[in-house]
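Examination of the molecular architecture
Below are the chains, spelled out letter by letter.
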Amino acid sequence: MLGLLHSLEIAVGATIVGLFIGICGAYGKLYGGPVVRDLLAVYTTVVRAVPELVLILLLYYAGTDLINQVLTAIGYQRVDISGLVAGIAVLGFCQGAYSTEVMRGAILAIPQGQIEAARAFGMSPGLLLRRITLPAMLPFAIPGLANLWLIATKDTALLAVVGFFELTLATRQAAGVTKAYLIFYLAAGVLYLAVTLFSNFLLGRAEKWARRGMPSVKEAR
Amino acid sequence: MAGEAAIINTAARASLWLQPHRIVLVLIALGLVLSAAYFMRWNWLPQYWEMGLMGIWRALWILAVTCALGFLIAVPVGLAQAAGSIWVAAPAKVFCTIIRGTPLLLQLWLLYYGLGSLFPQYPWIRDSWMWPYLRQAWPYGVLALTLSFAGYEGEVMRGAFAGVPKGQLEAARAFGMSRWKILRRIWLPQAFYRALPTLTGETVLQLKSTPLVATISVIDIFAVAGKVRQDTYLTYEPLLLLALIYMAITGILVLALSRIEARIPVKVG
């Protein structure tokens, strides 16, 4: 059960980090200068082309090592980065690339007039983002982001490979100790499935809430 | 004339792409690659490259087999959900939900460790002709990846089957085609065309999940990189090369699939 908690912690953390990167990335891709745009294109392409497992290994080891080297170079003590933080950062980095693309599409789906109207009102870019762009793109972004959340919960299982104690690794250890492999793996599967189904339900509600006042998809067809 | 215009066109596109900042970025990237080649240790490459090629070949083989088998399963699963009675649709739906709701790594370990630990208890399995296969790891890897691909693709095919306009099917029936013929000549091809762009994405996703089989001791390219890391105590070099290899494979795959996509008629339905 502690494993499940850890899994959920990482999934939530990674999704939040990913969302933040996604918003910044989408803004950079849409409104940034040419250099920023190219760099972001490289980032999203590379992250989406390389398997998550390889990225996790690379960032998990390289990232912690790099931070420690930088810290020692500046003259600080080496810090021991906990698996939780590293896991969140790594998965968040992967999620960021995907959510950048989702958000970019969602922002592009907003009727252009709304943003222009907000500009005409003299809103500052920050206010524009908070009041207009984010709420208006939410209905377009939620299906994609819901998928990302589900992927995030399942990607946490990959952290078992680098030895982080989450649900899959906990299951493996418990199964190894008790020799009841099938039962433990089935139980873990049921737990993952429960998380998925429960969040499906919640996300469906959230989508309905975000779409309120808009023509429903079925009528529009 | 036409050739001249084409040359001018590509030249214009090249100059459009080669803006000053891009040149600088490309130079920086080249510098990074060269410094990586120069400063990092690559002397392990000659020793392992044969094994690496073997690993790439095996990963591609697994990818091809699981995609083909998975698609074969996905068609009936999608069809059952789109058109079947509730007795066929419900199991198909449950199958898709379970596959899509649990991590692939867990499915893989469930099959390999869970089922794998169950089989030796029954003597008749040990005596049968299947035993030499069941003792190895790769059948479990192929099975898990196939089921996963079938689960995801079954959902896509459901949407594709449901998206074929009713008029097409009614017209086929009016021609007096049998149900099997309708499926073969009209329904399946049109659904396939609809699903093709998604299929490309799913295939790339499938490629990215092949390294998971390395965790159950199948030697693919990922496992080779792991072995290099263990043997030489190098952290980054094998992983960086591995990332590069996967990017190359993805690029080739996307290019090839988009070629196929471009060949099919655009106007469907």
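The shown structure was predicted, so the numbers you read here are calculated from the model rather than taken from an experiment.

A look at the overall build of chain B
Secondary structure summary: chain B contains twelve helices and zero strands in total. Out of the 269 residues belonging to chain B, those deemed buried represent 39%. Long-range pairs, those at least 24 residues apart, make up 78% of the contacts in chain B with a sequence separation of at least 6. Surface summary for chain B: the accessible area is close to 15600 Å², and the carbon and sulfur share equals 70%.

Overview of helix H4 (residues 86–101) of chain B
In this model H4(B) runs 21 Å from its N-terminal to its C-terminal C-alpha over 16 residues, within 8% of the 22 Å that 1.5 Å per residue would give. Those residues of H4(B) that fall on the buried side of the exposure criterion are Ala89(B), Ala92(B), Cys96(B), Ile99(B) and Gly101(B). Packing partners of the buried residues in H4(B) comprise helix H6 (125–155) and helix H8 (181–210) of chain A together with helix H3 (45–83), helix H5 (104–118) and helix H8 (138–163) of chain B.

Considerations on the pattern of salt bridges
Counting across every chain of the model gives five salt bridges over all chains. The closest approach of N and O atoms between Glu52(A) and Lys208(B), which form a salt bridge, is 4.0 Å. Of this pair, Glu52(A) sits in helix H3 (residues 52–74) while Lys208(B) sits in helix H10 (residues 179–209), which puts the two residues in different chains. For the pair Glu52(A) and Lys208(B), one class covers both residues: buried. Put simply, Lys29(A), Glu101(A) and Arg104(A) are held in one network by salt bridges that share partners.

Thoughts on the domain arrangement of chain B
Taken as a whole, chain B is organised into domain 1 (1–39) and domain 2 (49–263). The centre of domain 1 of chain B, based on its C-alpha atoms, is set 37 Å off from the matching centre of domain 2 of chain B.

Overview of the state of the cysteines
As enumerated under the stated definition, the model contains zero disulfides over all chains in all. We note that Cys94(A) lacks a disulfide partner, and the nearest cysteine sulfur, in Cys24(A), lies 17 Å from it. Looking at Cys94(A), the relative accessible area reads 3%, which means it is buried. We note that Cys96(B) lacks a disulfide partner, and the nearest cysteine sulfur, in Cys67(B), lies 16 Å from it.

A few points about the interface of chain A and chain B
Contacts between the two partners involve 36 residues from chain A and, on the opposite side, 34 residues from chain B. Together chain A and chain B conceal approximately 3200 Å² of surface at their shared face, both sides included; 78% is due to carbon and sulfur atoms. Interface area lost by chain A to chain B is led by Lys154(A), Leu182(A) and Tyr185(A), which between them contribute 18%. Across the contact surface, chain A and chain B share one salt bridge. Across the contact surface, chain A and chain B share six residue pairs in polar contact (both at pLDDT 80 or more). Elements with a contribution of two residues or more to the side of chain A that touches chain B: helix H2 (34–49), H3, helix H7 (167–178) and H8 of chain A.

Some points on H3(A)
The end-to-end C-alpha separation of H3(A) is 31 Å, in line with the 33 Å expected for 23 residues at 1.5 Å each. Taken together, the buried positions of H3(A) are occupied by Glu52(A), Leu53(A), Val54(A), Leu55(A), Ile56(A), Leu57(A), Leu58(A), Tyr60(A), Ala62(A), Asn68(A) and Leu71(A). Tucked inside the fold, the buried residues of H3(A) contact H2, helix H4 (83–109) and H6 of chain A together with H10, helix H11 (221–232) and helix H12 (237–263) of chain B.

Here's the deal with the side chain of Thr200(B)
Among the structural elements, Thr200(B) can be located in helix H10. Leave out the neighbours within four places in its chain, and Thr200(B) touches Leu257(B) and Glu261(B).

Cut-offs used in this document
Position numbers for residues start from 1 in each chain and track the written sequence from start to end. All chains are assigned letters beginning with A, and all ligands numbers beginning with 1, in the order in which they are written. Predicted model: local features are reported for residues with pLDDT of at least 70 only, side-chain atom pairs are reported and counted for 80 or more only, and whole-chain, interface and lining totals are derived from all residues. Side-chain calculation: all heavy atoms of the structure are included, whereas hydrogens and water are not. Comment: elements are numbered from the N terminus, with helices defined as DSSP H or I runs of at least four residues and strands as E runs of at least two. The classification of residues rests on relative accessible area computed with a 1.4 Å probe and restricted to protein chains. Under 20% of the type maximum is buried, over 50% is exposed, and intermediate values are partly exposed. Whether two residues touch is decided by their heavy atoms; if any such pair falls within 4.5 Å, the residues are in contact. We get accessible surface area from the Shrake-Rupley algorithm with a probe of 1.4 Å; when it comes to residues, only the shown protein chains can shield them. Given a helix with a known number of residues, its expected span is that number minus one, times 1.5 Å. Basic side-chain nitrogens of Lys or Arg form a salt bridge, by our definition, when they fall within 4 Å of a carboxyl oxygen of Asp or Glu. Each domain's limits were defined by an automated method or a database of domain assignments. By definition, disulfides here are pairs of cysteine sulfur atoms that lie within 2.5 Å. Buried area adds together the accessible area that both of two parts lose upon being put together, with accessible area traced by a 1.4 Å probe. Any pair of nitrogen or oxygen atoms within 3.5 Å is treated as a polar contact; in protein, a donor-acceptor pairing is required on top of that, and neighbouring residues in sequence qualify only through side-chain atoms on both sides.

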